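# Secondary and tertiary structure notes
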Amino acid sequence: MEKKMKKVALIMGSDSDLPIVKKAAETLDAFGVPFEAHVWSAHRTPEAVRNFCLSARENGFGVIIAAAGMAAHLAGAIAANTTLPVIGIPVKSGNLGGVDALLSTVQMPSGIPVATVAVDGAVNAALLSVEILSLSDDNLAAKLAEKRAADSAKVFEKNRSVEEELNKK
Ligand code: RP5
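Computed from a predicted model, the values in this text were never measured in an experiment.

## A short note on the environment of alanine 68
Position of alanine 68 among the secondary structure elements: in strand β3 (residues 61-69). Along the backbone, alanine 68 and tryptophan 40 are 28 residues apart, and their C-alpha atoms lie at a distance of 9.9 Å.

## Quick look at the nonpolar core
In terms of nonpolar packing, the biggest core is built from 25 residues, with Val33 and Ile89 touching the most fellow members. Only β1 (7-12), α1 (18-30), β3, β4 (86-91), α5 (122-134) and α6 (138-166) provide two or more residues apiece to this core. Sorting elements by how many residues they give to this core places α5 first, with 6 residues. In contact with isoleucine 89, not counting residues within four places along its chain, are Ile20, Ile65, Ala66, Ala67, Ala68, Val117, Ala118, Asp120, Gly121, Ala122 and Ala125. With 20 residues, the next largest nonpolar core counts Ala9, Ala42, Val49 and Ala66 among its residues.

## Description of the layout of surface pockets
Empty space among the atoms can be located by rolling a probe the size of a water molecule over them. Its volume calculated, the largest pocket comes out at about 270 Å³. Taken together, 12 residues form the lining of the largest pocket, with Lys3, Lys4, Met5, Lys6 and Ser136 sitting closest to its centre. Each residue belonging to the lining of the largest pocket can be placed in one class, and the counts come to 5 nonpolar, 2 polar and 5 charged. Of the volumes computed, that of the second largest pocket is approximately 220 Å³.

Parameters and conventions
As a convention, each chain's residues are numbered from 1 in the sequence order in which they are written. Predicted model: local features are reported for residues with pLDDT of at least 70 only, side-chain atom pairs are reported and counted for 80 or more only, and whole-chain, interface and lining totals are derived from all residues. As a rule here, side-chain values cover all heavy atoms of the structure and leave hydrogens and water aside. The helix and strand labels rest on DSSP assignments: H or I over at least four residues marks a helix, E over at least two residues marks a strand, and numbering proceeds from the N terminus. Joining through side-chain atoms within 4.5 Å is the link that ties buried Ala, Val, Leu, Ile, Met, Phe, Trp, Tyr and Cys residues into a set, and such a set is a nonpolar core. The classification of residues rests on relative accessible area computed with a 1.4 Å probe and restricted to protein chains. Under 20% of the type maximum is buried, over 50% is exposed, and intermediate values are partly exposed. Contacts are assigned to residue pairs with any non-hydrogen atoms lying within 4.5 Å of each other. Put plainly, a pocket is an open set of points on a 1 Å grid over the protein atoms alone with protein on both sides within 12 Å along at least five of seven lines, a cavity is a set where a 1.4 Å probe fits but cannot get out, and a lining residue has an atom within 4 Å of a point. Grid points are joined across faces, edges and corners, and a volume is the space filled by probe spheres set on the points. Here the term charged refers only to Asp, Glu, Lys and Arg, the term nonpolar to Ala, Val, Leu, Ile, Met, Phe, Trp, Tyr, Cys and Pro, and the term polar to all other amino acids, Gly among them.

Spelled out as structure tokens, the structure:
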């Protein structure tokens, strides 16, 4: 019997984070990875965050992506309540250009890991979650390899056109 693919959870601290989170959703869609998106905040709706996390594994999730800006403790709060892998996206918002969210998300004390991607790095958050799920899914692993090859081909094509234009014979 074929195994059902694990889902990815996309949790954002505010609907103002949605334009960034949508890029993760599009990337997951491109790989055919099922996901659920929710707006829950570590400080505004802490119980909702905790309740989701406590049952996330038994509800078929394999990875949780958390996107938040400013004093971004959402990813850490999620990681505190689950042993599923948690990927944090620091979102650029407020006056500090995302550095506040980056440091809040990345500087987790030992024992509760959050894999933090770049500020607004939603595509990489999705790709990392696909890589995690690909450990038990050969089809996903093949799709990741195809994407790498296609990305390389695009660079070689651009290189060819720059070389043609600039390099003297
Ligand atoms: C964080 O504060 C959210 O993740 C968002 O990035 C930021 C601002 O939230 P809003 O005031 O736009 O709801 O909690």
